[in-house]
Amino acid sequence: MFVVATLALAYSLMQIRENSTWVRHTNDVLRLIAGIERAVLQAESGERGYLLTRVDEYREAYETAKSTLPHALDELVHVLGDNAEQQRNLAAVRSSIEMRLTQLQRVVELAQTDLQTSLDILEQARVDLLTQRIEHGLSAMTKFEQAQLKERQHNFERSNFAAAAVAACLVVLALASGVVGAFLIERQRAMARQQASDSRLRELQSELLHVARLGTMGEMSAALAHELNQPLAAIANYLKGSRRLLQDSTDKSADRIRTALDKAADQALRAGEVIQRLRQFVSRGETEKTNERLDRIVDDAVSLALVVAKDREVKVSLDLDPAAERVLVDRVQIQQLLLNLIRNALEAMEHQDVRELQISSSRGADGMIEMTVADNGPGIDPQLMDRLFLPFMTTKTAGMGVGLSLCRTIVTAHGGSIRAEPRDGAGTAFRFTIPSAEVI
Ligand code: ADP
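The structure displayed is predicted, hence computed values, not measured ones.

### Comments concerning the UniProt feature "transmembrane region" (unreviewed entry) in the protein chain
So, step 1. Following the UniProt record, the feature "transmembrane region" (unreviewed entry) maps to residues 161-185 here.
So, step 2. End-to-end, the C-alpha atoms of residues 161-185 are 35 Å apart, and along that stretch the chain is 100% helix and 0% strand.

Set out below in structure tokens:
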């Protein structure tokens, strides 16, 4: 396209150049024709003047015109070299001029000696209409030259218009293909960006799923351990009591019963130890704290949570304190914590016409950062407030009630605390603290 446009432009420039050459050429021809006409007239008036007055000045005027004419005619022959028709016209005019010059020559020569013959020749010239023929021939040549220039200019305008139209079309085409190209590149980039963000979301999801499973398991095991520990201790105590009661018995099967009770007590203690170990294992929790950017963690958690809420419109407003930029946390755990709170908020706002989720952070004086996840849902039943963070506490039919309990475990493992508060107006605000990575 570029090559064709360049060719069209070059063609157009060549045409312009050629056109100006033709204009110059025509000007030269017209100038020469006018010069010749002037010289013929000058020679004639010189001749007449001399005949009438015999003043030499007139004769000189005639001589000058006579001497310049052959040069002018030769020059014109040269300039018209390329044009056969004009050459023929010029040949005819030239022979008339030469005839006329011969007449003039004779008239001037005879003027001194034979005035009558001179006047006869002059009269003959008038009858022959030679001068008129010369004028007529020169004027025909002028018209021919002008007509030719006009036609050339007409052709030039046509071809120049065509070249300009081709160039304009190509420019439009180039612009259009540029726009299409840019659009395609941008679309490809957008797709690549989308793919990258999808795969990052998938990665985050699987990371969090793993932590969530472990966390849920941990919470359930811890709760079970807590619940089972007491009955197991009671069983062990009852067994010990029964053993004491049998201490002094003389019954012959008492020995066997005592052995069985000892074994049962051993097993109860073993069960207790197993549960204790399980609890320790769970509560040990492997938190690996690193220096992280809080805004990134929040962004990831929000985009993950909104994947689920895709069909529901949620107004999310983030207000993160620039002075609380970096945190020392286990990134995945804090994402899990935020994800749980955001999910609960989204579920709470399910029947709300306008769903507003607000996430903010602010730096406290104690080197901790307080984060708030607030919604405009119906709020929490005040009677549930005390038990909110206990495992298995749920008001949802499909809920497990371990989400908030896991949140508390994560926050505690980071040395922080978590609480829920009703908001002014409507809704709930969950506030928790995590350590800042920046020393004040
Ligand atoms: P689950 O979501 O499985 O019920 P959670 O421990 O996450 O378990 O939540 C416990 C309960 O706390 C929920 O069943 C709900 O009644 C209440 N709750 C949690 N977050 C909110 C909230 N943002 N608004 C109102 N109630 C909430």
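### Regarding the packing of aromatic side chains
So, step 1. All told, the structure shown has one aromatic pair when counted by the stated rule.
So, step 2. Taking 6.3 Å as the distance between ring centres and 85° as the angle between the ring planes, the aromatic pair formed by Phe389 and Phe430 counts as edge-to-face. A residue pair is termed long-range when its members are at least 10 positions apart, and Phe389 in the loop between strand 5 (368-374) and helix 9 (403-413) and Phe430 in strand 7 (residues 428-435) qualify at 41 residues.

### So, the layout of surface pockets
So, step 1. Of the pockets and cavities examined, the largest pocket occupies roughly 1200 Å³.
So, step 2. Asn340, Asn344, Glu347, Lys396 and Gly403 are, among the 44 residues lining the largest pocket, the residues nearest its centre.
So, step 3. Taken together, the elements giving at least two residues each to the lining of the largest pocket come down to helix 5 (130-245), helix 7 (294-308), helix 8 (331-348), helix 9 and strand 7.
So, step 4. When residues of the lining of the largest pocket are assigned to their parent elements, the largest contribution, nine residues, is made by helix 8.
So, step 5. Classifying every residue of the lining of the largest pocket by side-chain character gives 22 nonpolar, 15 polar and seven charged.

### Points about the environment of Asp321
So, step 1. Secondary-structure assignment places Asp321 in the loop between strand 2 (315-319) and strand 3 (326-329).
So, step 2. Note on Asp321: relative accessible area 23%, which makes it partly exposed.
So, step 3. For the pair Asp321 and Gln124, spaced 197 residues apart in the sequence, the C-alpha separation amounts to 118 Å.
So, step 4. Side-chain polar atoms of Asp321 contact the backbone nitrogen of Arg363, separated by 3.2 Å.

### Details of the sheet that holds strand 6 (residues 418-422)
So, step 1. Ordered by their spatial adjacency, five strands build an open sheet running 2-4-5-7-6, and the pairing between neighbours is mixed. At either margin of the open sheet sits one strand with a lone partner, and together these are strand 2 and strand 6. Adjacent strand axes in the sheet meet at a mean angle of 15°, parallel and antiparallel pairs treated alike.
So, step 2. In this sheet, strand 5 lies alongside strand 4 (residues 356-363) in antiparallel orientation, the contact comprising six bridges. Bridge pairing in strand 5 places Ser362 opposite Glu370.
So, step 3. Sitting on the sheet, helix 8 touches strand 4, strand 5, strand 6 and strand 7, and the angle it makes with strand 7 is about 175°.

### Some remarks on unusual backbone geometry
So, step 1. Despite not being glycine, Phe392 has its phi angle at roughly 65°, a positive value.
So, step 2. With respect to the helices, strands and loops of the structure, Phe392 is situated in the loop between strand 5 and helix 9.

### Some points on the nonpolar core
So, step 1. Leu337, Ile342 and Phe432 are the most contacted members of the largest nonpolar core, which has 44 residues in total.
So, step 2. Considering every element that reaches this core, the biggest residue donor is helix 8, with nine residues.
So, step 3. In this structure, Phe432 is in contact with Leu337, Leu338, Leu341, Ile369, Glu370, Met371, Val411, Ser417 and Ile418, ignoring residues within four places of it in sequence.
So, step 4. With 31 residues, the next largest nonpolar core counts Ile33, Ala72, Val79 and Val107 among its residues.

How each quantity is defined
Residues numbered from 1 in each chain as written. Predicted model: local features only at pLDDT ≥ 70, side-chain atom pairs only at ≥ 80, totals over all residues. Heavy atoms only, no water. UniProt positions renumbered as here; feature names shortened; annotations may be inferred. Helix = DSSP H or I, 4+ residues; strand = E, 2+ residues; numbered from the N terminus. Phe/Tyr/Trp six-rings, centres within 6.5 Å; stacked < 30°, edge-to-face > 60°. 1 Å grid on protein atoms, 1.4 Å probe; cavity = no way out; pocket = protein on both sides within 12 Å on 5 of 7 lines; lining within 4 Å. Points joined across faces, edges and corners; volume = space filled by probe spheres on them. Nonpolar A, V, L, I, M, F, W, Y, C, P; charged D, E, K, R; others polar. Buried < 20%, exposed > 50% of the residue type's maximum accessible area, 1.4 Å probe, protein only. Polar contact = N/O pair within 3.5 Å; in protein donor to acceptor, adjacent residues only side chain to side chain. Pairing = 2+ DSSP bridges. Axes fitted to C-alpha atoms, helices over the stretch in contact; angles between N-to-C directions. Contact = heavy atoms within 4.5 Å. Core = buried A, V, L, I, M, F, W, Y, C linked by side-chain atoms within 4.5 Å.

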